[in-house]
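Understanding the architecture of this molecule
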Amino acid sequence: MSSEEAARAIDLLGRVRYGRVATSLHALPFVAPARHVVTGGGVLLRLHAGFGYHQACLGSVVAYGADNLNSGAEHLWSVQFTGTAEPCEPTAGELALFGPPPRAADGEPFDPVYMRIEPQFVTVHSLDYSTERPPRHTA
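Notes on the structure follow. (Residues numbered from 1 in each chain as written. Predicted model: local features only at pLDDT ≥ 70, side-chain atom pairs only at ≥ 80, totals over all residues. Heavy atoms only, no water.)

1. Remarks on the packing of aromatic side chains
The final tally for this structure, using the stated rule, is 4 aromatic pairs. Between Phe30 and Tyr53 the ring centres are 4.9 Å apart and the planes differ by 35 degrees, which places this aromatic pair in the tilted class. Taken together, the residues span a long stretch of sequence, with Phe30 in strand S2 (residues 28-39) and Tyr53 in helix H2 (residues 53-57) at a distance of 23 residues. Look at Phe30 and you get buried, because its relative accessible area is 13%. Judged by relative accessible area, Tyr53 falls into the partly exposed class, the value being 28%. Judged by centre distance (5.4 Å) and plane angle (55 degrees), the rings of Phe98 and Tyr114 are tilted. Highlighted residues: Phe98 in helix H3 (residues 92-98) and Tyr114 in strand S8 (residues 112-117), separated in sequence by 16 residues. (Phe/Tyr/Trp six-rings, centres within 6.5 Å; stacked < 30°, edge-to-face > 60°. Helix = DSSP H or I, 4+ residues; strand = E, 2+ residues; numbered from the N terminus. Buried < 20%, exposed > 50% of the residue type's maximum accessible area, 1.4 Å probe, protein only.)

2. What to know about the nonpolar core
In this structure, Val21, Leu45 and Tyr64 are the most contacted members of the largest nonpolar core, which totals 28 residues. Listed by contribution, the elements that provide at least two residues to this core are helix H1 (3-13), S2, strand S3 (42-48), H2, strand S4 (61-67), strand S5 (75-87), S8 and strand S9 (121-128). If one sorts the elements of this core by residue count, H1 sits on top with 5 residues. Core analysis: the next-biggest nonpolar cluster, separate from the first, contains 5 residues, Val37, Leu44, Phe98 and Tyr114 among them. (Core = buried A, V, L, I, M, F, W, Y, C linked by side-chain atoms within 4.5 Å.)

3. Observations concerning H1
Along H1, the positions that sit buried rather than exposed are Ala6, Ala9, Ile10, Leu12 and Leu13. End-on, the buried residues of H1 take up no more than an arc of 160 degrees, which puts them together on one face. Pointing more than 90 degrees away from the buried face of H1 are the exposed residues Ser3 and Glu4. Where H1 is buried, its residues meet S2, S3, S4, S5 and S9. (Arc of directions from axis to C-beta. Contact = heavy atoms within 4.5 Å.)

4. Quick notes on the pairing of S2
Pairing geometry for strand S1 (residues 18-25) and S2, over 8 bridges, is antiparallel. Note on S2: the bridge partner recorded for Val21 is Ala32. Taken together, S1 and the strand that follows it, S2, pair antiparallel across an intervening segment of 2 residues, in which His26 is found at a positive phi of about 55 degrees. Linkage of S2 to S3, two consecutive antiparallel strands, is achieved through a turn of 2 residues, within which Gly40 is found at a positive phi near 55 degrees. (Pairing = 2+ DSSP bridges.)

5. Notes on the pattern of salt bridges
When the charged atoms of two side chains with opposite charge come close together, those side chains can pair. As enumerated under the stated definition, the model contains 3 salt bridges in all. The partner of Asp11 in a salt bridge is Arg15, and the shortest N-O contact between them spans 2.7 Å. Judged by relative accessible area, Arg15 falls into the exposed class, the value being 56%. (Salt bridge = Lys/Arg side-chain N within 4 Å of Asp/Glu carboxyl O.)

6. Notes on a nonpolar patch on the surface
A cluster of nonpolar side chains, namely Leu69, Leu127 and Tyr129, defines an oily patch on the protein surface of about 320 Å² accessible area. The topology assignment puts Tyr129 in the segment after S9. (Patch = residues over 30% accessible without salt bridge, like charges linked within 9 Å, V, L, I, M, F, W, Y side chains within 5 Å. Areas by Shrake-Rupley, 256 points an atom, 1.4 Å probe, with all protein chains shown as cover.)

7. Description of the pairing of S1
Pairing of S1 with S4, which is carried by 3 bridges, proceeds in the antiparallel orientation. Following the sheet pairing, Ala22 is matched in S4 by Ala63.

8. Section: unusual backbone geometry
With a phi close to 70 degrees, Ala27 is a non-glycine residue in the positive phi region. Here Ala27 shows up in the loop between S1 and S2. Overall, the relative accessible area of 73% leaves Ala27 in the exposed class. You will see that Asp106, though not glycine, has its phi angle at about 50 degrees, which is positive. Here Asp106 is to be found in the loop between strand S6 (104-105) and strand S7 (108-109).

What follows is the structure, given as structure tokens:
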């Protein structure tokens, strides 16, 4: 992973608030929504502890993805990175970046749990829907 690609991925993640964390639970793949903030070159996630998904993530290699696919923009992007999810206690500044948590998750009081992921592998994809077409490359 180039440092340029990692920096671009972190920049793009900073433009949206939510993404999806993926790992395996009982030997089956699963994806869960998460709120994220970008801090110190890594990403800090907030999930609801009541779902128990964090237990499958912590100490494991996970994938985290976010995008602007529903934004209506002409230039769409998707970021995915892989790294180990580690438990953490956010600083007061990091908590402020998250903003207030949801009041409830599936009708139960929201119980936040936090984990940090330092990207080890990063993928950035883009789709251009602008009306101006790029030139075709011919061999």
